[in-house]
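Chain and residue survey
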Amino acid sequence: MASCYRLDNFIISAFKPKNSNVPLSIHHSSSSSSSSNFPSSFKVQNFPFRARCNSPIRATSSSSSPTTVAEPNDIKINSIPTKPIEGQKTGTSGLRKKVKVFMQENYLANWIQALFNSLPSEDYKNGVLVLGGDGRYFNREAAQIIIKIAAGNGVGKILVGKEGILSTPAVSAVIRKREANGGFIMSASHNPGGPEYDWGIKFNYSSGQPAPESITDKIYGNTLSISEIKIADIPDVDLSNVGVTKFGSFSVEVIDPVSDYLELLETVFDFPLIKSLISRPEFRFTFDAMHAVAGAYATPIFIDKLGASPDSISNGIPLEDFGHGHPDPNLTYAKDLVNIMYAENGPDFGAASDGDGDRNMILGTSFFVTPSDSVAVIAANAKEAIPYFKDSVKGLARSMPTSGALDRVAEKLNLPFFEVPTGWKFFGNLMDAGNLSICGEESFGTGSDHIREKDGIWAVLAWLSIIAHRNKDTKPGEKLISVSDVVKEHWATYGRNFFSRYDYEECESEGANKMIEYLRDILSKSKSGDKYGSYVLDFADDFTYTDPVDGSVVSKQGVRFVFTDGSRIIYRLSGTGSAGATVRVYIEQFEPYVSKHDVDAQIALKPLIDLALSVSKLKEFTGREKPTVIT
């Protein structure tokens, strides 16, 4: 193979270290638990990845060549000259771009090196980092790049999921259990995967939470001035077997992707109680893994541990392109599940998770539970139904665009309540300070302080716990209390917050930004008492959040129009896409009267939806006739 400063020269080396003095020992366990065995049809590519590796790390000019900067403990560290690359600013949940962007020379490597340049040395030198992802296209190549740059920067050990697989909540769980310094998550979350689609990377800190903006801002700053990449001259590591590979004082431990996470969940939930529900012949359960990472967890958790039927799992084999699907668990992209649940005599309980396993959708028979209602129902039932919360619920929180349903639970239960910007990292400080137990976002994210990420399977188990608790005294043959029964009882107690979100995906950024600026101009001139059709304005603002723990301030988090009857219209540009701009419009209206609770949300909200589109001039700015997704 031609010698050039690429993966095939300084990174892969065909498994044989170029420096023959490097001590290399590989220890693989002779057996592994059933939870670590992927389905036989899970396609694993052989190492190394020369055939498809169009993502070289190499010097940026022919006149520059790598130099050896150090050889600590017999590991040769090369310094690869590089130059800044535009467009590496981290969004709400990491850096996300089309996979072809990440496959450009040095693109991923620059960002990873910039991260190490941004962290205090004590946060990684001789420390332990976790590495995993959702199994999407390019993850295996990226894992090798990350491992070598970590070694080049003095990390002592990498814990990586078998085949590079670890869901986002599992990464957080492993960081916390193994007391790691942090971890990398290779995922673009709910965005589609494959050669033509999306890839992403983010870093979580030592408590398992996404890195704060103070760090992500430093990373971006360092991507603008980066000049070298430090990379260990070691071969690729075989990630297909659980075990330890050592290179001098640096080691890579391939771990079972399920065991630590499952062990944690068993301390949170009453698994025998849930199993008693799932095993009832009159209860039918279905879970759509959407060919994403949750498929690696569904069998060991729902089937092996809880006794669900094997045919209750659909799309359960993780695929690099998610089976050509869009792994976003909503009414549009999880349409197959929706059709099953809304069919005549549909199952009693249905759920889906997303690309990296941190989002969820909950359905009952012909009944959709909005994420805003879901977190409110879980919070209202947590102490009685979930052992983890039996002693106390410390507090509740939601993202600003999420409906006020959770607020009403906090008020009734006299619990501390917090409203934060969109982005799970804002919940982390509250959890670490002991102020928060349960939280959620309307974007299908729900979780608790058992980890520091949203957790799709946790949400499914929480709902199964509630249904099991409600039916623990229901005799065989009697009608079960259903998902819709639980939600409607909740509405009767707390009132219903009608809620909908309109997504306009991949809009032209210029038009989307002009729309937001236009709305900011309107709110700057607005005052209480202004009339908007039949609605009277209470206040309008661009949401600003002051963290009650560390005092940090973030601004411009969403344009809000809040009316005197509690109705709200909110506009945001999403930070989780990989191309263009996603415009999100949130519409909410509170309804206290039980007699009106069964009205379809789109009908109940139509006057407010029409007002939202009119006020924003959305069609004029974006050219969009209708949203891509309605939830």
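Residues numbered from 1 in each chain as written. Predicted model: local features only at pLDDT ≥ 70, side-chain atom pairs only at ≥ 80, totals over all residues. Heavy atoms only, no water.

A few words now on the overall build of the protein chain. A tally of helices and strands in the protein chain yields 19 helices and 29 strands. Expressed as a percentage of its 631 residues, the buried residues of the protein chain come to 61%. Sequence-distant contacts, at least 24 apart, represent 74% of the contacts inside the protein chain between residues at least 6 apart. Carbon and sulfur atoms make up 48% of the accessible area of the protein chain, which totals about 23500 Å². (Helix = DSSP H or I, 4+ residues; strand = E, 2+ residues; numbered from the N terminus. Buried < 20%, exposed > 50% of the residue type's maximum accessible area, 1.4 Å probe, protein only. Contact = heavy atoms within 4.5 Å. Areas by Shrake-Rupley, 256 points an atom, 1.4 Å probe, with all protein chains shown as cover.)

Turning our attention to the sheet that holds strand β12 (residues 285-288). One open sheet holds the five strands; their spatial order is β13-β12-β14-β15-β16, and the pairing between them is mixed. Two strands bound the open sheet, and with one partner strand each, they are β13 (313-314) and β16 (367-369). Alignment of β12 against β13, held across two bridges, turns out to be parallel. Looking at the pairing, Phe287 lines up with Ile313 of β13. Each of β12, β14 (349-353), β15 (360-364) and β16 is contacted by helix α10 (residues 335-342), which is oriented at about 15° to β15, the strand it contacts most. (Pairing = 2+ DSSP bridges. Axes fitted to C-alpha atoms, helices over the stretch in contact; angles between N-to-C directions.)

Bringing the packing of helix α7 (residues 259-268) against helix α9 (residues 295-305) into the picture now. Each packed pair of helices is defined by two parameters, the angle between the axes and the distance between the axes. Contact geometry of α7 with α9 gives a least axis separation of 11 Å together with a crossing angle of 40°. Put simply, α7 runs oblique to α9. As for how α7 packs across α9, the hand of that crossing is right-handed. Residues Tyr261, Leu262, Leu265 and Glu266 of α7 form the contact with α9, whose own contacting residues are Tyr297, Pro300, Ile301 and Lys305. (Parallel < 35°, antiparallel > 145°, perpendicular 65-115°, else oblique. Left-handed = near helix turned anticlockwise from the far one by under 90°.)

To continue, consider the nonpolar core. Core analysis: the biggest nonpolar cluster contains 79 residues, and Phe302, Trp463 and Leu464 have the highest contact counts within it. In this structure Phe302 touches Phe285, Phe287, Tyr297, Gly307, Ala308, Ile313, Ile457, Val460, Leu461 and Leu464, once residues within four positions along its chain are discounted. Core analysis: the second largest hydrophobic core is formed by 52 residues, Ile80, Ala109, Ala143 and Tyr205 among them. (Core = buried A, V, L, I, M, F, W, Y, C linked by side-chain atoms within 4.5 Å.)

The next point concerns helix α16 (residues 509-525). Helix length check: α16 (17 residues) gives 25 Å between terminal C-alpha atoms against 24 Å at 1.5 Å per residue, within 8%. Among the residues of α16, those classed as buried are Gly511, Ala512, Met515, Ile516, Leu519, Ile522 and Leu523. Down the axis, α16 shows its buried residues gathered within 140° of arc, on one side only. Opposite the packed face of α16, turned more than 90 degrees from it, sit the exposed residues Glu510, Ser524 and Lys525. (Expected span 1.5 Å × (residues − 1). Arc of directions from axis to C-beta.)

Moving on to the confidence of the model for the protein chain. When pLDDT is averaged along the protein chain, the result is 89, and 87% of the positions lie at 70 or above. Note on residues 1-55: pLDDT is under 50 here. Beyond four places in sequence and across chains, it has 136 contacts. (pLDDT = per-residue confidence, 0-100.)

Turning to the packing of aromatic side chains, a few remarks are in order. Within this structure, the stated rule accounts for 22 aromatic pairs. Ring geometry for Phe426 and Tyr545: centres 6.0 Å apart, planes at 80°, overall edge-to-face. You can see Phe426 sitting in helix α13 (residues 425-432) and its partner Tyr545 sitting in strand β24 (residues 545-546), a full 119 residues away along the chain. Neither residue differs from the other here; Phe426 and Tyr545 are each classed as buried. Seen from their ring centres, Tyr532 and Phe563 are 5.8 Å apart, and the 65° between their planes marks the pair as edge-to-face. Placement of the pair is Tyr532 in strand β22 (residues 531-532) and Phe563 in strand β26 (residues 559-563), with a sequence separation of 31 residues. (Phe/Tyr/Trp six-rings, centres within 6.5 Å; stacked < 30°, edge-to-face > 60°.)

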